[in-house]
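Given next are the chains, with one letter for each unit.
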Amino acid sequence: MSARNLFDLAGKVALITGGSRGLGLQMAKALGDMGARVAISARKADELAEAKMQLTARGIDVLTVTNDLARPEGIPALVDGVVAHFGTIDILVNNAGATWGAPAEDYPLQAWDKVMNLNIRSIFLMSQAVGKASMIPRRQGRIINIASIAGLGGSADVKFIAYGTSKAGLAHLTKQLAAELASHGIRVNAVAPGPVETAMAKA
């Protein structure tokens, strides 16, 4: 049996935040290659356009949505737009995230809030919105949160206290969502990658 048969996603719809580049784009390609119709969101329209070209070249049915998840008021429109276009959302990949490097004693409050709002608040709000709009009514769905090994322990060498703390919090958020949403037929899991050479990591 081929991998495509084992992981056949034909007829499913996947929404990937931060899907215009890096891990998000690779996951969009993988889900699309397995047959899913794919929606990707990101802040920069030009990067979304380039990502769409790459995805459509692979034969993937893709919708792009320009959206800044740091602005919570835009999340309902993002979710409603995907549901209006594809009819449903079966898979939500909460991938969009931010980091900021600075020693703990000098860490700016602005940086702390930026990282926490994107890496925790937006994931909660996205999960809540997609759950209400599509998954809970249909009593099925999959939510995948992109955490990090940075949330599993501290580091004296890499000074990104808000990022590590947010990813540790995301691990618990994932467990709590999994516990609460299980009765609705929704599975929630997290993936904790190690270092990956992406634009954010280089920065």
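All figures in this text were calculated on a predicted structure; none of them were measured in a lab.

Visitor: What is the right way to look at helix 4 (residues 75–86) in this model?
Guide: One full turn of an α-helix is made of 3.6 residues, so residues set three or four places apart face in the same direction. The end-to-end C-alpha distance of helix 4 is 17 Å, a good match for the 16 Å that 12 residues give at a rise of 1.5 Å each. Of all the residues in helix 4, the buried ones are I75, L78, V79, V82, V83 and F86. Viewed along the axis of helix 4, the buried residues span an arc of 125 degrees, placing them on a single side of the element. Helix 4 presents A77 and A84 as exposed residues on the side facing more than 90 degrees away from its buried surface.

Visitor: It is not clear to me how the pairing of strand 3 (residues 62–66) should be interpreted in this structure. Could you clarify?
Guide: Where a strand is regular, its side chains alternate between the two sheet faces. Pairing analysis gives 5 bridges linking strand 2 (residues 37–42) to strand 3, with the strands arranged parallel. Among the inter-strand pairings, A39 is bridged to a residue of strand 3, identified as L63. For the segment spanning strand 2, helix 3 (residues 45–57) and strand 3, crossover handedness is right-handed.

Visitor: Honestly, the nonpolar core in this entry has me stumped. Any pointers?
Guide: One recurring pattern in soluble globular proteins: nonpolar side chains tend to sit buried together. Membership of the largest hydrophobic core comes to 30 residues, with the highest contact counts inside it found for L15, V79, V82, M126 and V130. For this core, the secondary structure elements donating two or more residues are strand 1 (13–17), strand 3, helix 4, helix 5 (109–138), helix 6 (161–181) and strand 6 (186–191). Those residues within four positions of V130 in sequence are excluded, and the remaining contacts are L15, V79, I89, L92 and M135. Core analysis: the next-biggest nonpolar cluster, separate from the first, contains 18 residues, A14, L25, L55 and I91 among them.

Visitor: Where do I start with the pattern of salt bridges in this structure?
Guide: Two side chains bearing opposite charge may form a pair once their charged atoms approach each other closely. Counted according to the given criterion, the structure contains 4 salt bridges. One salt bridge connects R71 with D68, and the closest N-O pair in it is separated by 3.8 Å.

Visitor: Explain the pairing of strand 2 to me, please; I cannot follow it from the model alone.
Guide: The element strand 2 is extensively covered by neighbouring structure, given that 5 of its 6 residues are classed as buried. Bridging between strand 1 and strand 2 involves 5 bridges; their strand directions are parallel. Bridge assignment links T17 to a residue of strand 2, and that residue is S41. What joins strand 1 to strand 2 is helix 2 (residues 22–33), and the crossover it makes is right-handed.

Visitor: Is there a simple way to think about the sheet that holds strand 5 (residues 141–146) in this case?
Guide: Where strands meet in a sheet, backbone hydrogen bonds hold them as pairs that are either parallel or antiparallel. Taking strand neighbours across the sheet as the criterion, the 6 strands line up as 3-2-1-4-5-6 in an open arrangement whose pairing is parallel. The open sheet is flanked by strand 3 and strand 6, the only strands paired with a single partner. In this sheet, adjacent strand axes meet at a mean angle of 15 degrees when their direction is disregarded. Packing of helix 3 onto the sheet brings it into contact with strand 2 and strand 3, and relative to strand 3 it is tilted by some 175 degrees.

What counts as what
Residues numbered from 1 in each chain as written. Predicted model: local features only at pLDDT ≥ 70, side-chain atom pairs only at ≥ 80, totals over all residues. Heavy atoms only, no water. Helix = DSSP H or I, 4+ residues; strand = E, 2+ residues; numbered from the N terminus. Expected span 1.5 Å × (residues − 1). Buried < 20%, exposed > 50% of the residue type's maximum accessible area, 1.4 Å probe, protein only. Arc of directions from axis to C-beta. Pairing = 2+ DSSP bridges. Right-handed = clockwise from strand over helix to strand, strands pointing away. Core = buried A, V, L, I, M, F, W, Y, C linked by side-chain atoms within 4.5 Å. Contact = heavy atoms within 4.5 Å. Salt bridge = Lys/Arg side-chain N within 4 Å of Asp/Glu carboxyl O. Axes fitted to C-alpha atoms, helices over the stretch in contact; angles between N-to-C directions.

These values are about where atoms sit, not about what they do.
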